[in-house]
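Structure assessment
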Amino acid sequence: MVFNAQDLQRVRLAGAADPMWELTPAGLVTDFDAGCEALTHTSQERVTADVIAAFRKRSPQLWVRTLAAGDRDAVKVMLRAVRAAHDLLLAPYWVEVQEVVAAERERQAGVLADHGLGGVLRRIPGVLGWDGGVLRVRYPETRTVHLAGRGLVLLPSYFCWCSPVTWIDPGLPPVLVYQARRVTTSEKVGVKLSDAVMTLLGCTCAECLRLSLTPRSTSEIAEQLGTSAGTVSKQTAVLRDAGLITSTRRGTSVLHAITPLGTALLCGRMRTPY
């Protein structure tokens, strides 16, 4: 990626986790329904151009050709597939995705304060080099993107892995999606419960909240605590009613994940948005 003086003044971090980029690119959004609406109104010219670019070295499947031809039924099938993928792959972990991306924004703000923009760019996973004007990143093929004064949006992603991702079309507003640093399970579970939280919630309920820092099923929490699933169900109901966790059914299990409010209570502070 080639920067000029204007680009250096227009580099910014995306404001929040983007549900569409976690699944499939559809412009920068923070609301899933808005992303689906954007997909619905994508022009046939744009779809055709993207299909041609994506399938330069192989033949597209029949359903892809039908989609590129503007068939409305094919668009509806695609949207149902995107929604199904969201419900199965993203929704159960969305609270954690938001937490990871928020923590990454906070971390990058510290890097910017201590080391400047160059420090931020050099520390992005997959970056091979930064010389003040050209950012070299690991990518499956050789490409050169001239930002040409448009700036660059850095978008931390929960599911992006190793190599950063950008648009197929270099003419679109520049975005670089990169792997957000995740707090490991051992780091999360290592959060100590304060006496105040223990007094407020009670021992078992507070432990359920702490273990929900990593999405877990009722049986998994019960196993960790050495108690019954029925006891955990009662405690998670209290936490859920208070807005401290969410509970999402996944097959025959129910997955419990902490909310930003629950994290704030557990850690003793609210994150300040940047």
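Use the structure listed above.
Residues numbered from 1 in each chain as written. Predicted model: local features only at pLDDT ≥ 70, side-chain atom pairs only at ≥ 80, totals over all residues. Heavy atoms only, no water.

Observations regarding the overall build of the chain
Condition: A run of DSSP states H or I qualifies as a helix once it reaches four residues; a run of E qualifies as a strand once it reaches two. Both are numbered from the N-terminal end. Relative accessibility thresholds used throughout: buried, under 20% of the residue-type maximum; exposed, over 50%; partly exposed, between the two (1.4 Å probe, protein chains only). Reported accessibility uses the Shrake-Rupley method at a 1.4 Å probe radius. Residues are deemed covered only where the shown protein chains occlude them. The charge count includes Lys and Arg as positive and Asp and Glu as negative, but it does not include His or the ends of the chains. Here the site of a charge means NZ on Lys, CZ on Arg, CG on Asp, or CD on Glu.
When helices and strands are tallied, the chain shows 13 helices and eight strands. Seen through its C-alpha atoms, the chain measures out along the principal axes to roughly 60 × 50 × 25 Å. Within the span of the chain, comprising 274 residues, buried residues form 39% of the whole. With an accessible surface of roughly 14800 Å², the chain has 56% of that area assigned to carbon and sulfur atoms. Of the side chains in the chain, 31 bear a positive and 25 a negative charge, and the two mean positions are spaced by 4 Å.

Here's the deal with the state of the cysteines
The line we're drawing: By disulfide we mean two sulfur atoms from cysteines, separated by a distance within 2.5 Å.
The final tally for this structure, using the stated rule, is zero disulfides. With no disulfide partner, C205 has as its closest neighbouring cysteine sulfur the one in C208, 6.3 Å distant.

What about the pattern of salt bridges?
Stated precisely, the cut-off is as follows: We define a salt bridge as a side-chain nitrogen of Lys or Arg found within 4 Å of a carboxyl oxygen belonging to Asp or Glu.
Evaluation of the coordinates by the stated rule reveals five salt bridges. The salt bridge partner of R107 is E104, with a shortest N-O separation of 2.9 Å. Of this pair, R107 and E104 both sit in helix α7 (residues 94-122), three residues apart, roughly one helical turn. Accessibility expressed as a relative area gives 31% for R107, which makes it partly exposed.

Considerations on the packing of helix α11 (residues 218-225) against helix α12 (residues 229-241)
Definition in use: The angle between two axes is taken between their N-to-C directions and runs from 0 to 180 degrees, where each axis is a line fitted to C-alpha atoms and a helix contributes only its stretch in contact. Angle categories are assigned with fixed cut-offs, so that under 35 degrees is roughly parallel, over 145 is roughly antiparallel, 65 to 115 is roughly perpendicular, and the rest are oblique. Crossings are classed by handedness, with left-handed meaning an anticlockwise turn of the near helix from the far one by less than a right angle and right-handed meaning a clockwise turn. Note on contacts: a residue pair qualifies if any of its non-hydrogen atoms lie within 4.5 Å across the two residues.
Two elements in contact, α11 and α12, have axes separated by 9 Å at closest approach and are oriented at 110°. As the angle between them shows, α11 and α12 are arranged roughly perpendicular. The interaxial crossing formed by α11 with α12 has right-handed handedness. Contact residues: T218, I221 and A222 in α11; A229, V232 and S233 in α12.

Comments concerning empty space enclosed by the protein
Heads up, the condition is: A 1.4 Å probe that fits but cannot get out identifies a cavity on a 1 Å grid over protein atoms alone, an open set with protein on both sides within 12 Å along at least five of seven lines counts as a pocket, and a residue lines either if it has an atom within 4 Å of a point. Grid points are joined across faces, edges and corners, and a volume is the space filled by probe spheres set on the points. Think of it as three bins: nonpolar holds Ala, Val, Leu, Ile, Met, Phe, Trp, Tyr, Cys and Pro, charged holds Asp, Glu, Lys and Arg, and polar takes everything else, Gly as well.
For the coordinates displayed, the defined rule picks out one cavity of 30 Å³ or more. The calculated volume of the largest cavity comes to roughly 50 Å³. What lines the largest cavity is R143, V145, R150, T166, W167, D169, P170, L172 and P174. When the residues that make up the lining of the largest cavity are grouped by side-chain class, the tally is five nonpolar, one polar and three charged.

Comments concerning the pairing of strand β5 (residues 175-179)
Defined as follows: One requirement defines pairing of two strands: DSSP has to find at least two bridges between them.
Buried residues dominate β5, accounting for five of its five residues. Here strand β4 (residues 152-157) runs beside β5; their pairing, made up of five bridges, is parallel. Across the sheet, P156 pairs through a bridge with Y178, a residue of β5.

Regarding the side chain of Q108
For Q108, the position within the fold is in helix α7. When residues no more than four places from it in sequence are discounted, the contact partners of Q108 are L13, V120, I124 and Y178.

As for the sheet that holds strand β1 (residues 11-13)
The parallel open sheet is built from three strands, whose spatial order is β1-β4-β5. If you trace the sheet from one side to the other, it starts and ends with β1 and β5, each paired once. Across the sheet, the axes of successive neighbouring strands diverge by a mean angle of 25°, strand direction being ignored.

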